[in-house]
Amino acid sequence: MDYEVYAHVALPGIPEVLTYGVPPELRENLVVGHLVEVPLRNKRERGVVVGLQAEHPSVEGIKAIFGIPDPEISVDEKLLELARWTSEYYLTPLGDVFRAFLPPKTLAGEKIMIRFRSDPERPLRGDRQRELLEFLRRRGRRWITLRGIEKELGRDYRDQVSALRRLGAIEVRVRAGRSAEKELSSIPGVDLSLPEVPTREQRAAMNRVIPFIEKGAFRPFLLHGVTGSGKTALYLWLVERALARGRGAIVLVPEIGLTPQIASVFIKRFGDNVVLYHSSFPPEERLWAWKALKRGERRVVIGPRSALFLPVRDPGIIVVDEEHDPSYKQHESAPFYSARDVAIMRGKIEGIPVVLGSATPSLESYFNARKGKYVLLELKKRIRGYRMPDVDVVDMREESSSSIISIRLAESMRRTLRKGGKVILFLNRRGFSPVLHCPDCGYVPKCPHCSVSLVYHRKERKLVCHLCGHTEDAPSLCPRCGSQRIKPLGFGTERVEEEVRRLFPEESYLRMDLDTTRRKGAVDRFYRRFLKGKEKIMIGTQMVTKGFDFPEVELVGVLNADVGLGLPDFRAEERTFQILTQVTGRIRKGGRCLIQTYSPEAPSVVFAVKGDYPSFYERELESRKEFRYPPFYRLAFVEIRSRDAGRAGEIASRLHGEMLKIRDELRLTLDIEGPLIPPVEKVRGYFRRRLLLRSSRPLEIQNLLKKMEMPRRGDIRITVDVDPLDFL
């Protein structure tokens, strides 16, 4: 059947854009960007219209679009451009990219509703078409679901529904999910006061950004401000300026649950203009937030990386707080995008300024600022009332105590607690101990699905895999040799908790890690309790380094600064420097930070103690250039996974050969290394092999991989990660 208009539809899980006919009743309303429901392989799937044409396509057997589930859900022109760029750069089918741009579950089928429209001009074919049309005619203008028709008439009429729709005899719609408003309030008992008057540094930074808000022009800024320098206040004033111009704002944070204060500050200042967006909210609340932003009922969105793709009406500024944080990189499913980098591209498309903020900028961002690609803004001083702490190193090689809390740190804790101050003990590891170990035979329990050791959790007496979640009972005897001497080796937050109870039995404390904060709202509750409660000691992992402001904290103890330094990752030093600097920044009004380490000479430790980011940057940059890493080279991983290690290696070798051939044909200069076995070879039952692509020229990697045909059969899984952060 011929149609007057044809639509190109991008569907999740389908590499190519497919063409469908536009039925008569949809011609006037259907536009590019609409969410539609279409037939595919005897099912109904949802996708986004990315193009319309009047000419008849060259392909035959074109089917018709089934309906528009919710006319309000659509992707506007600028977001369509961003989706196309994301698809091209991260080498992900456009239909999969749209998952990030639409409310949750909108790409999943909902209830299909049908009703009589008019008698068709052409004759019907077959008794079943006539039977269905007569049934619907008797119902008049009342809607009925497909399931309702099957219940009434006793059989499946899907094919007949499609045929009658093409003839214009019936109307079809898809019932959209209901939305529910999310009530927001500032956090009670939290000091939300910010300075009303900017400092000289803040004013200078604002004056660089405001002209681009006023005239609506793109410019990327890197705000390098020491901890406590007033970056949040600066964000607030810039967003306020955008709102005064009748525009919106997007404020990205690494994790909304880990930054309660920034949300509270914005809610207090802007009230009902603010909406939070986060995956922990129910789908109906996120659908409401999505629609409220699209209608312009809410103008400011605060959230993690997923908030970047929301349809904020006429945005005037994008802020990326803690831009260095690795959680801005999507790693669960394709596209494996960096929200920081995509934020820059959205700002360019929208024609608005983008402010990246951090006390410890990523080397890539600082490099861009030094080269003039970004405008560098600096806040070198803390705001009034905030003072930098004294930072010292405890060389654990000289420690005589067997405790995981050194004598010097324990003494400092006692003095601080006697004065009424509070203490944070930081360890970037959860659980009681990294592993159980048998000294007689060397046995260490391993995950049966991943090539990593199981972590010992003493409270539950369980061994847990922190990659796939596999759990088993901890043995009391060595499973290999039967020895009774199997015991924990190393320590985690649970072990620190036990040591705090032993050394400070009279003090109350909190332990904040992924194991204790799994329930919804747990992070906020812990934050409030430590801020205003009787607890004087906080034991925490990386959670406590992100965005928390505890005025009464006078001492921070870093229990093992060496965690992460030995990882096979070229960013290990950078991440250690960032974590140490950030956790030191939790002390706002003077105090002390003690860093326990077995590597006091490590550059990340030395420069973190001095608070000397520029010197660390210069040293690290030399290493990156020498070993051909970012920001001088672009990287990408092609990862091949299979339940059979040999099969994974075989496919990887074949792809490597094909890539070399295409590289030579295209006369590209990039290197292709591998197949490589990752440090963690097996994850969730799949063996992994990698090919590392390295190029000093933009888009060379994309140009090569676009020519590749990746095998998709059996248990083979192939993913492409452009600009990877995970080297394990």
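These numbers come from a predicted model, not from an experiment. (Residues numbered from 1 in each chain as written. Predicted model: local features only at pLDDT ≥ 70, side-chain atom pairs only at ≥ 80, totals over all residues. Heavy atoms only, no water.)

### Description of the overall build of the protein
For the protein, the helix and strand inventory stands at 19 helices and 30 strands. With the principal axes as the frame, the protein shows a C-alpha extent of 95 × 65 × 55 Å. Taking all 728 residues of the protein together, 56% fall into the buried category. About 32500 Å² of surface is accessible on the protein, with carbon and sulfur atoms providing 46% of the total. Placing the 125 positive and 97 negative side-chain charges of the protein at their respective mean positions leaves the two points 2 Å apart. (Helix = DSSP H or I, 4+ residues; strand = E, 2+ residues; numbered from the N terminus. Buried < 20%, exposed > 50% of the residue type's maximum accessible area, 1.4 Å probe, protein only. Areas by Shrake-Rupley, 256 points an atom, 1.4 Å probe, with all protein chains shown as cover. Lys, Arg positive; Asp, Glu negative; His and termini not counted. Charge placed at Lys NZ, Arg CZ, Asp CG, Glu CD.)

### Some thoughts on the pattern of salt bridges
Counted according to the given criterion, the structure contains 54 salt bridges. Among the salt bridges present, the one from Glu72 reaches Lys291, with a minimum N-O distance of 3.9 Å. Within this pair, whereas Glu72 is found in the loop between β4 (43-53) and α1 (77-89), its partner Lys291 is found in helix α9 (residues 283-295), the two being separated by 219 residues in sequence. We classify Glu72 as partly exposed; its relative accessible area is 24%. According to the relative accessible area criterion, Lys291 is buried, its value standing at 8%. Across the pair Arg694 and Glu673 runs a salt bridge whose closest N-O atoms are separated by 2.9 Å. On the criterion of sequence distance, the pair formed by Arg694 in strand β29 (residues 686-695) and Glu673 in strand β27 (residues 671-676) is long-range, its members being 21 residues apart. (Salt bridge = Lys/Arg side-chain N within 4 Å of Asp/Glu carboxyl O.)

### A closer look at the side chain of Arg694
Look at Arg694 and you get buried, because its relative accessible area is 7%. A polar contact of 2.5 Å, which involves the side chain of Arg694, links it to the backbone oxygen of Arg628. Among all residues touching Arg694, those that are not within four sequence positions of it are Phe627, Arg628, Tyr629, Tyr633, Arg634, Leu635, Leu670, Asp671 and Glu673. (Polar contact = N/O pair within 3.5 Å; in protein donor to acceptor, adjacent residues only side chain to side chain. Contact = heavy atoms within 4.5 Å.)

### Some points on empty space enclosed by the protein
This structure, assessed with the given rule, holds 1 cavity of 30 Å³ or more. What the largest cavity holds in volume is close to 40 Å³. Forming the boundary of the largest cavity are Tyr89, Arg634, Leu635, Arg697, Pro698, Leu699, Ile701, Gln702, Val722 and Asp723. Put simply, the parts of the chain that give the lining of the largest cavity at least two residues each are β26 (634-642) and α19 (700-705). (1 Å grid on protein atoms, 1.4 Å probe; cavity = no way out; pocket = protein on both sides within 12 Å on 5 of 7 lines; lining within 4 Å. Points joined across faces, edges and corners; volume = space filled by probe spheres on them.)

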